[in-house]
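# Remarks on the overall topology
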Amino acid sequence: MEAKTLSLPRLNQLTPTLESTALKLMEEAGELAQVIGKFRGLSGEKVDQDDRAVVKAITRELLDVAQTAVTMMFVMEEQFGVDLDQALQEHWAKLERKGYLVR
Ligand SMILES: [Mg+2]
C-alpha cells in the first residue's frame, strides 16, 4: 500500500475562519476545474498551451486546494477542538470499510 505524506505550513499571516477557509477551498477547487477544463478543451476552445505548462498549472492549483484544506484542518483543531489524528484514523478505517483500501 502506498501513502503520500505532505507537509504544508500553518499560514501565519492570515486569520482564517471556518467560513473563509470553506469558501477558499471552493474557489481553489474551481480554479483546478478551470485549468483542467482548459487543458481538455471542454469549452470548445483550442488548446494552445503545451502539455507541460498545463500540467504544471494543474499541479499548482491542486496544491492550492491541498494548502487550503490543511489551513481548514488547523481551523478545525484550533477553533473547534477537533482531534485530527483521531479523525485521520477514522478516515483510514472508513476507506477500508468501504473497500477502497486493503492493508
Ligand atoms: Mg489557485
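This is a predicted model, so every value here is computed, not measured.

### Topic: helix α3 (residues 84–97)
Between its terminal C-alpha atoms α3 stretches 19 Å, which fits the 20 Å expected from 14 residues at 1.5 Å a residue. Just downstream of α3 lies Gly-99, where phi reads positive at about 85 degrees.

### Here's the deal with the environment of Lys-24
Structurally, Lys-24 is set in helix α1 (residues 18–40). The class for Lys-24 is partly exposed, based on 19 C-beta atoms found within 10 Å. Taking the C-alpha atoms as reference, Lys-24 lies 28 Å from Tyr-100; in sequence the two are 76 residues apart.

### Focus: the confidence of the model for the chain
Chain-level statistics for the chain give a pLDDT mean of 94 and a share of 100% at 70 or above. When mean pLDDT is taken per element in the chain, α3 scores highest with 97 and α1 scores lowest with 95.

### So, helix α2 (residues 51–80)
Between its first and last C-alpha, α2 extends 42 Å over 30 residues, near the 44 Å set by a 1.5 Å rise per residue. Regarding α2, the residues found buried are Thr-68, Thr-71 and Val-75. At its buried positions, α2 is contacted by α1.

Cut-offs and rules
- Residues numbered from 1 in each chain as written.
- Predicted model: local features only at pLDDT ≥ 70, side-chain atom pairs only at ≥ 80, totals over all residues.
- Helix = DSSP H or I, 4+ residues; strand = E, 2+ residues; numbered from the N terminus.
- Expected span 1.5 Å × (residues − 1).
- Buried ≥ 20, exposed ≤ 12 C-beta atoms within 10 Å, placed from the backbone.
- pLDDT = per-residue confidence, 0-100.
- Contact = placed C-beta atoms within 7 Å.

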